[in-house]
Amino acid sequence: MDERLVELVLRAVDLIPPGRVAAYGDLGRIVGIGPRQVGAVMSRYGDGVTWWRVTNASGGFAPDLLERARPHWLEEGILVKPSGGGCRIEEHRADLERLAADWRDAVADLAPAEE
């Protein structure tokens, strides 16, 4: 996987504030890639970042990750859906405009992609 792309995604994840979440697609739109690419980066390299702040479009995870995310969500005040199947993403979604602006500043030091 392209190291630059990994860095672009991980820096975006690092900028999601505590108590907030973003979907794979949200981050994909910011970085300029698809949600599956974001998911691939997170599955391989996401252990060192606040991975529990990145969910699917409905605020959920695979069952094994959901159980690992719950303590983090509890600590940060991220509410779980009444069904227990994920977080209430509509209540906890990060300000995506702010996140995109912060991300542009955070990646300004990275060399442009090679054509």
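All values reported here derive from a predicted model rather than from experimental measurement.

## With respect to the environment of Ala 111
Turning to step 1, where the next piece is worked out: Along the polypeptide, Ala 111 turns up in the segment after helix 6 (96–106).
Turning to step 2, where the next piece is worked out: Residues Ala 111 and Arg 4, 107 residues apart in the sequence, show an inter-C-alpha distance of 8.4 Å.

## Quick word on helix 2 (residues 24–31)
Turning to step 1, where the next piece is worked out: Counting buried positions over the eight residues of helix 2 gives six, a clear majority of the element.
Turning to step 2, where the next piece is worked out: By the burial criterion, the buried members of helix 2 are Gly 25, Asp 26, Leu 27, Gly 28, Ile 30 and Val 31.
Turning to step 3, where the next piece is worked out: Looking one or two residues past helix 2, Gly 32 carries a phi angle of roughly 95°, positive in sign.

## So, the nonpolar core
Turning to step 1, where the next piece is worked out: Val 9, Leu 27, Val 31, Met 42 and Trp 73 are the most contacted members of the largest nonpolar core, which totals 34 residues.
Turning to step 2, where the next piece is worked out: For this core, the secondary-structure elements that each account for two or more residues are helix 1 (3–14), strand 1 (22–23), helix 2, helix 3 (35–45), helix 4 (63–76) and helix 6.
Turning to step 3, where the next piece is worked out: The greatest single-element share of this core, amounting to seven residues, is contributed by helix 1.
Turning to step 4, where the next piece is worked out: Setting aside its immediate chain neighbours within four residues, Met 42 contacts Val 9, Leu 10, Val 13, Tyr 24, Val 49, Trp 51 and Val 54.

## Looking at the packing of aromatic side chains
Turning to step 1, where the next piece is worked out: What the rule picks out here adds up to three aromatic pairs.
Turning to step 2, where the next piece is worked out: Their ring planes at 20° and their centres at 5.7 Å tell us that Phe 61 and Trp 73 sit as a pair that is stacked. Placement of Phe 61 in the loop between strand 2 (54–55) and helix 4 and of Trp 73 in helix 4 is noted, with a sequence separation of twelve residues between them. The pair formed by Phe 61 and Trp 73 is uniform in burial state, with each residue classed as buried.
Turning to step 3, where the next piece is worked out: A connected cluster of aromatic rings, assembled from ring pairs, spans Trp 51, Trp 52, Phe 61 and Trp 73.

## Let's talk about the environment of Val 13
Turning to step 1, where the next piece is worked out: Among the secondary structure elements, Val 13 is positioned in helix 1.
Turning to step 2, where the next piece is worked out: Remark: the alpha-carbon pair of Val 13 and Trp 51, spanning 38 residues in sequence, is separated by 7.2 Å.
Turning to step 3, where the next piece is worked out: Ignoring anything within four residues of it in the chain, the contact list for Val 13 reads Leu 27, Met 42, Val 49, Thr 50 and Val 54.

Cut-offs and rules
Residues numbered from 1 in each chain as written. Predicted model: local features only at pLDDT ≥ 70, side-chain atom pairs only at ≥ 80, totals over all residues. Heavy atoms only, no water. Helix = DSSP H or I, 4+ residues; strand = E, 2+ residues; numbered from the N terminus. Buried < 20%, exposed > 50% of the residue type's maximum accessible area, 1.4 Å probe, protein only. Core = buried A, V, L, I, M, F, W, Y, C linked by side-chain atoms within 4.5 Å. Contact = heavy atoms within 4.5 Å. Phe/Tyr/Trp six-rings, centres within 6.5 Å; stacked < 30°, edge-to-face > 60°.

Treat this as a map of the structure, not an account of what it does.
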